[in-house]
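Structural overview
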Amino acid sequence: MNNFEFSRAADVADAVRQIAAEPSATFVAGGTNLIDLIKEGVTKPSRLIDITRLQLNRVEDKSDGGLRIGALVPNSDLAYHPQIAARYPLLASAILAGASAQLRNMASTGGNLLQRTRCFYFYDTTTPCNKREPGSGCSAIEGINRGHAILGTSERCIATHPSDMCVALAALEARVLVTGKSGERSIAFADFHRLPGDTPQTDSNLRADEIITAIELPPKGFAANYSYLKIRDRLSYAFALVSVAAALELDGDKIKQARLALGGVAHKPWRVPEGETQLGDAPATRESFARAAETVLRGARGFGHNDFKIELARRAIVRALTQAARGTPQSQSDKRVA
Ligand SMILES: Cc1cc2nc3c(=O)[nH]c(=O)nc-3n(C[C@H](O)[C@H](O)[C@H](O)COP(=O)(O)OP(=O)(O)OC[C@H]3O[C@@H](n4cnc5c(N)ncnc54)[C@H](O)[C@@H]3O)c2cc1C
Ligand code: SF4
């Protein structure tokens, strides 16, 4: 265990001041990912800045009809919040598909966005990993890569982002509110996480002196026709091999608007706007869904052990859209469509 200092932030301004003054410090919220990383020697912060006392634990109405979720709202509270359960059930389903009840009680909204990949080479400090140690190589490309990415990969890293919640937030077109030395800014969810490219050590576009303060949801929650489908090795306490957040607005049997985001397949929640546009005005049929799946998965590439994910993702997209169209979001085994 490496020694580190510990301090507590009094308010957001103090948190920003502390992180800006010490670049090798890091914030701690629920600690459910960070403490493991410290214990494994993957992360060696000089200081933990405890942000749990900040007043960022409320879900509030916005004047445009949307919701503002404080960065410290625990995952469980968010999933069971009456407004989330009623108006954004896609988000509630995604959160409840993740981790365990105990972890969701501790895990915060902001921490969920910044949890790190579950690539086991990243956690195994005896193996090369460009994300942990830039320039050392990627053990997964030629190694055991069953859980790794099939889209948006680079020759430096093929890790996936592990969050379920973020897949729903991507589909709902949430925004991330952050505060840093130069003030506040609002980041579209699609622009928050990064692809690995040549710098896989950087997961997001959050600047070093910034703290996440809130997530904003737009008014539209797609509460009538949605599905979060998570395919994993066990039914609980396992990360997604492939997950799909599907949301539809229907006019009879026709699709007026569609949203689709994938988890477990890329370094960030994967959205392809062209696939969603293709669904607009199309009949809500298996054929339309299969065409959209082809578009979304264009360019997908396996690395050996994870080749199966391409076909799995195709089927999962068709199934999730079918469940969304039927208004049967919880059905996970509809043999008629996949
Ligand atoms: C066994 C296990 C199984 C899990 N299964 C799943 C799963 O199936 N699906 C899933 O989605 N998740 C899963 N998780 C992950 C869990 O959801 C995350 O660990 C959790 O959401 C992180 O939140 P936290 O508050 O504990 O973050 P912390 O561990 O405190 O912090 C994580 C990172 O976020 C940073 N941070 C935290 N808050 C802020 C902020 N406001 N501003 C800036 N930086 C911040 C920290 O500095 C740190 O780098 C699992 C975790 C475990 C341990
Ligand atoms: S996939 Fe990324 S995280 Fe995993 S070993 Fe390669 S560089 Fe490291």
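I will try to describe carefully the structure that is included in this document.

Criteria and thresholds
Residues numbered from 1 in each chain as written. Chains lettered and ligands numbered in written order. Predicted model: local features only at pLDDT ≥ 70, side-chain atom pairs only at ≥ 80, totals over all residues. Heavy atoms only, no water. Helix = DSSP H or I, 4+ residues; strand = E, 2+ residues; numbered from the N terminus. Rg over C-alpha atoms; globule rule 2.2 N^0.38 Å. Contact = heavy atoms within 4.5 Å. Lys, Arg positive; Asp, Glu negative; His and termini not counted. Charge placed at Lys NZ, Arg CZ, Asp CG, Glu CD. Expected span 1.5 Å × (residues − 1). Buried < 20%, exposed > 50% of the residue type's maximum accessible area, 1.4 Å probe, protein only. Pairing = 2+ DSSP bridges. Axes fitted to C-alpha atoms, helices over the stretch in contact; angles between N-to-C directions. Salt bridge = Lys/Arg side-chain N within 4 Å of Asp/Glu carboxyl O. Polar contact = N/O pair within 3.5 Å; in protein donor to acceptor, adjacent residues only side chain to side chain. Parallel < 35°, antiparallel > 145°, perpendicular 65-115°, else oblique. Left-handed = near helix turned anticlockwise from the far one by under 90°. Nonpolar A, V, L, I, M, F, W, Y, C, P; charged D, E, K, R; others polar.

Let's talk about the overall build of the chain
Helix and strand counts for the chain come out as 13 helices and eleven strands. In terms of overall size, the chain behaves like a compact globule, its C-alpha atoms giving a radius of gyration of 20 Å where 338 residues would be expected to give roughly 20 Å. For the chain, the share of sequence-separated contacts (at least 6 apart) that also reach a separation of at least 24 residues comes to 62%. The positive charge centre, built from 42 side chains, and the negative charge centre, built from 36, are 3 Å apart in the chain.

Concerning helix H13 (residues 308-326)
Note on helix geometry: an α-helix contains 3.6 residues per turn, so any two residues three or four positions apart are oriented the same way. The first and last C-alpha atoms of H13 sit 27 Å apart over 19 residues, in line with the 27 Å expected at 1.5 Å per residue. Within the span of H13, buried status applies to Lys309, Ala313, Ala316, Ile317, Val318, Arg319, Ala320, Leu321, Thr322, Gln323, Ala324 and Ala325. Considering only its buried residues, H13 is in contact with strand E9 (226-231), strand E10 (242-251), strand E11 (254-263), helix H11 (273-279) and helix H12 (286-296). Gly327 occupies a position one or two residues after H13 and carries a positive phi of about 70°.

A few points about the sheet that holds strand E2 (residues 25-28)
The sheet built from three strands is open, its strands ordered E1-E3-E2 with parallel pairing. In this open sheet, the two edge strands, each paired with only one partner strand, are strand E1 (5-8) and E2. The mean angle between the axes of side-by-side strands here comes to 25°, regardless of whether they run parallel or antiparallel. As judged from the four bridges shared by E2 and strand E3 (residues 47-50), these two strands associate in the parallel manner. When the bridges of E3 are listed, Ala25 appears paired with Arg47. Sheet strands touched by helix H1 (residues 12-21): E1, E2 and E3. Its angle to E2, the strand with the most contacts, is close to 150°.

Focus on the pattern of salt bridges
According to the stated counting rule, one finds 22 salt bridges in the structure shown. Arg68 is the partner of Glu216 in a salt bridge, and the nearest nitrogen-oxygen pair spans 3.8 Å. With Glu216 in strand E8 (residues 211-217) and Arg68 in strand E5 (residues 67-70), the pair connects residues that are 148 residues apart, well separated along the chain. Here Asp164 ties to Lys230 by a salt bridge, and the two come within 2.8 Å at their closest N and O atoms. You can see Asp164 sitting in the loop between helix H8 (120-123) and helix H9 (165-171) and its partner Lys230 sitting in strand E9, a full 66 residues away along the chain.

Some words on the pairing of E8
Across the seven residues of E8, seven count as buried, placing the element largely inside the fold. Two strands pair when backbone bridges link them, and E5 and E8 are joined in this way by four bridges, in the antiparallel orientation. By the bridge assignment for E8, Leu67 is matched with Leu217. As paired elements, strand E6 (residues 175-180) and E8 share five bridges and run antiparallel to each other. Along E8, the bridge assignment pairs Arg175 with Glu216.

What to know about the side chain of Thr127
Among the secondary structure elements, Thr127 is positioned in the loop between H8 and H9. Reaching out from Thr127, the side chain makes a polar contact with the backbone oxygen of Tyr121 at a distance of 3.2 Å. Once you skip the residues sitting within four places of it in the chain, Thr127 turns out to touch Tyr121, Arg132 and Ser139.

Considering the packing of H12 against H13
One way to put it is that H12 packs onto H13 with a least axis distance of 9 Å and a crossing angle of 135°. Overall, the two elements H12 and H13 adopt an arrangement that is oblique. At the point where H12 passes H13, the crossing takes the right-handed sense. Contacts from Arg286, Phe289, Ala290, Ala293, Glu294 and Val296 in H12 reach Arg314, Ile317, Val318, Leu321, Thr322 and Ala325 in H13. Here the residues of the contact of H12 with H13 sort into eight nonpolar, one polar and three charged.

Worth remembering: the numbers are spatial, not functional.
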